[in-house]
Amino acid sequence: IVHCAFIGRLDFNVQHLHNATMTIGDWLKLVGKSTDRFGAEIGVSGASVRRWRLGVCRPDWNTIARIEKATAGAVSASDFVPPLVTSEHRAPVAA
């Protein structure tokens, strides 16, 4: 079972996700846990956690609920949502 939904490669600055975000990578670093250890705690592989940390994919909804519980809400579903592209960030359209 693969515990992620493919969202492609994301090239963006994590700080632009949300004003008060705690990414899975930020949380792991803060508490000093490895991806393998955290994966075992929530019932997934360390490889899945690494893919989420790198933004290659995101966890499914059931796994997000386990992440929220394991991190005491520090990492939530909204922390896996890519930023919205606003008109000020879009490339100009050629006439």
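Residues numbered from 1 in each chain as written. Predicted model: local features only at pLDDT ≥ 70, side-chain atom pairs only at ≥ 80, totals over all residues. Heavy atoms only, no water.

With that settled, consider the pattern of salt bridges. Close approach of charged atoms lets side chains of opposite charge pair. Counted under the stated rule, the structure contains three salt bridges. Ionic pairing is found between Arg-50 and Asp-36, a salt bridge with its closest N-O pair at 3.1 Å. Of this pair, Arg-50 sits in helix α3 (residues 46-54) while Asp-36 sits in helix α2 (residues 35-42), and the two are 14 residues apart along the sequence. Judged by its relative accessible area of 30%, Arg-50 is partly exposed. For Asp-36, a relative accessible area of 46% translates into the label partly exposed. Across the pair Glu-41 and Arg-37 runs a salt bridge, and its minimum N-O distance is 3.4 Å. Highlighted residues: Glu-41 and Arg-37, both in helix α2, separated by four residues, approximately one helical turn. The exposure class of Glu-41 is partly exposed, given its relative accessible area of 41%. A single network of salt bridges, built from pairs that share partners, joins Lys-33, Arg-37 and Glu-41. (Salt bridge = Lys/Arg side-chain N within 4 Å of Asp/Glu carboxyl O. Helix = DSSP H or I, 4+ residues; strand = E, 2+ residues; numbered from the N terminus. Buried < 20%, exposed > 50% of the residue type's maximum accessible area, 1.4 Å probe, protein only.)

Worth remembering: the numbers are spatial, not functional.
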